Amino acid sequence: MTDVLTFGEVMGALRADGPLRLGGPLGLSVAGAEATVAIGLARLGHDARWIGVTGADELGELVRRTLRAERVDTSGVRIDSSAPTGLFFLENRLAGLTRVAYHRAGSAGSRLTADDVLNGFADGATRILHVTGITCALGPGPRKAVVEAVAMARAMGTTVCLDVNHRSALWSQAEAAACLRPLLPSVDVLVASDEELPVVADNPNPANLLGYVDQVVVKHGAAGATVYTRTEHTHVPARVVTAVDTTGAGDAFVAGYLSGLLDGLGVADRLQRAVTVAGFGVATVGDWQGLPTRDELPLLDHASGS
Ligand code: CKP
Ligand code: MG
């Protein structure tokens, strides 16, 4: 049994401490929104599977090696020797503010197909499917993979989580809306930031989306998050931490939320776990490197004195 199946693109991540245009040393790691969710879940003890395509290059080796080392199931990962693994740069411009530049057009990751993902489903039961708007924005193949995976999950009774994860560098809001809105009737858990809500709804009131989905999870950044269900609206504040790097915080949040869902926690408790895992993400450098194991979850209580 796989707890969470997810798929998308993982790229090499080159991080500069200051403005990129000044040159200087770069630190190499890997990152990709869906894989960060998988790593976050694996650290919390869940069985997470990530499917994607990497190049037959050293960066691809790094991607697969990193995910394996984090105990993420990579058995469905495909290697495409005709395209490179994607790459992106991160530059810390101001404390807590990171700018990102992609070099991912034509990457191996963007060659993901529906078959890559559906074969993963065929391997056994899956409790939750997690998809994001980023994968849809990579091109027609990945978009079809999302549409077909969501349909298959629906048919199999697998819970579907969609994180809007809008990337204006990859596609317009209108393109994202045209792709994501038709998926909503097949989505159980919808995750969006306040800024991303207009992608999926004309009316800014998230409760209106409950006609389609069971849970609308709205992230308010430093102001916390709110979950809307048909019976309750639950808000929790963000954890008080010194923000070092907010990139990946949304994915850390999703890992915590889905972990709570898998553990059968009530809305308030799973939201609390979501903001706690996000707090670790924000307080440490890197998208996934600082995410907590289950034993480490209480550490933030001591750190923030709450
Ligand atoms: O929404 P988040 O800040 O949690 O997502 C960050 C990730 O996958 C980052 O790792 C980058 O690789 C990406 O989103 C992306 O494709 O933008
Ligand atoms: Mg996000």
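The structure under discussion appears in the preceding block.
The structure contained in this document is the topic of the report that follows. (Residues numbered from 1 in each chain as written. Chains lettered and ligands numbered in written order. Predicted model: local features only at pLDDT ≥ 70, side-chain atom pairs only at ≥ 80, totals over all residues. Heavy atoms only, no water.)

### Here we look at the site of ligand 1
Surveying the vicinity of ligand 1 reveals 16 residues, the closest of which are Y102, R167, G248, D251 and D287. At 2.8 Å from an oxygen atom of ligand 1 is found a side-chain nitrogen or oxygen belonging to R104. Side-chain polar atom of N165 to an oxygen atom of ligand 1: 3.0 Å apart, as the coordinates give it. The protein chains hide 91% of the 410 Å² of surface that ligand 1 would expose on its own. Looking at which element gives the most residues to the shell around ligand 1, the answer is helix α8 (residues 249–262), with 3 residues. Split by residue class, the shell around ligand 1 holds 7 nonpolar, 5 polar and 4 charged. (Near = heavy atom within 4 Å. Polar contact = N/O pair within 3.5 Å; in protein donor to acceptor, adjacent residues only side chain to side chain. Areas by Shrake-Rupley, 256 points an atom, 1.4 Å probe, with all protein chains shown as cover. Helix = DSSP H or I, 4+ residues; strand = E, 2+ residues; numbered from the N terminus. Nonpolar A, V, L, I, M, F, W, Y, C, P; charged D, E, K, R; others polar.)

### Some words on the pairing of strand β1 (residues 2–7)
In terms of burial, β1 is a largely internal element, 6 of the 6 residues being buried. Relative to strand β9 (residues 126–132), β1 runs parallel, the two sharing 4 bridges. By the bridge assignment, L5 is partnered in β9 with L129. Of the strand pairs in this sheet, β1 and strand β4 (residues 48–51) are connected by 4 bridges, and their pairing is parallel. Within β4, the residue paired with V4 across the bridge is A48. (Buried < 20%, exposed > 50% of the residue type's maximum accessible area, 1.4 Å probe, protein only. Pairing = 2+ DSSP bridges.)

### Remarks on the packing of aromatic side chains
For the structure shown, the criterion picks out 1 aromatic pair. Between F88 and Y102, the aromatic rings sit 6.3 Å apart at their centres with planes inclined by 50°, giving tilted as the arrangement. Residue F88 is found in strand β7 (residues 87–94), and its partner Y102 is found in strand β8 (residues 97–103); the two are separated by 14 residues along the sequence. (Phe/Tyr/Trp six-rings, centres within 6.5 Å; stacked < 30°, edge-to-face > 60°.)

### Here we look at the sheet that holds strand β2 (residues 11–16)
Across the sheet, which stays open at both edges, the 4 strands sit in the order β3-β2-β7-β8 with mixed pairing between neighbours. Looking at which strands have only one partner, the edges of the open sheet turn out to be β3 (26–31) and β8. Geometrically, the sheet is characterised by an average inter-axis angle of 25° between neighbouring strands, direction not taken into account. Inspection of the sheet shows β2 paired to β3 by 6 bridges, in the antiparallel sense. By the bridge assignment, L14 is partnered in β3 with L28. Packed on one face of the sheet, helix α2 (residues 58–69) meets β2, β3 and β7 and runs near 60° to β3. (Axes fitted to C-alpha atoms, helices over the stretch in contact; angles between N-to-C directions. Contact = heavy atoms within 4.5 Å.)

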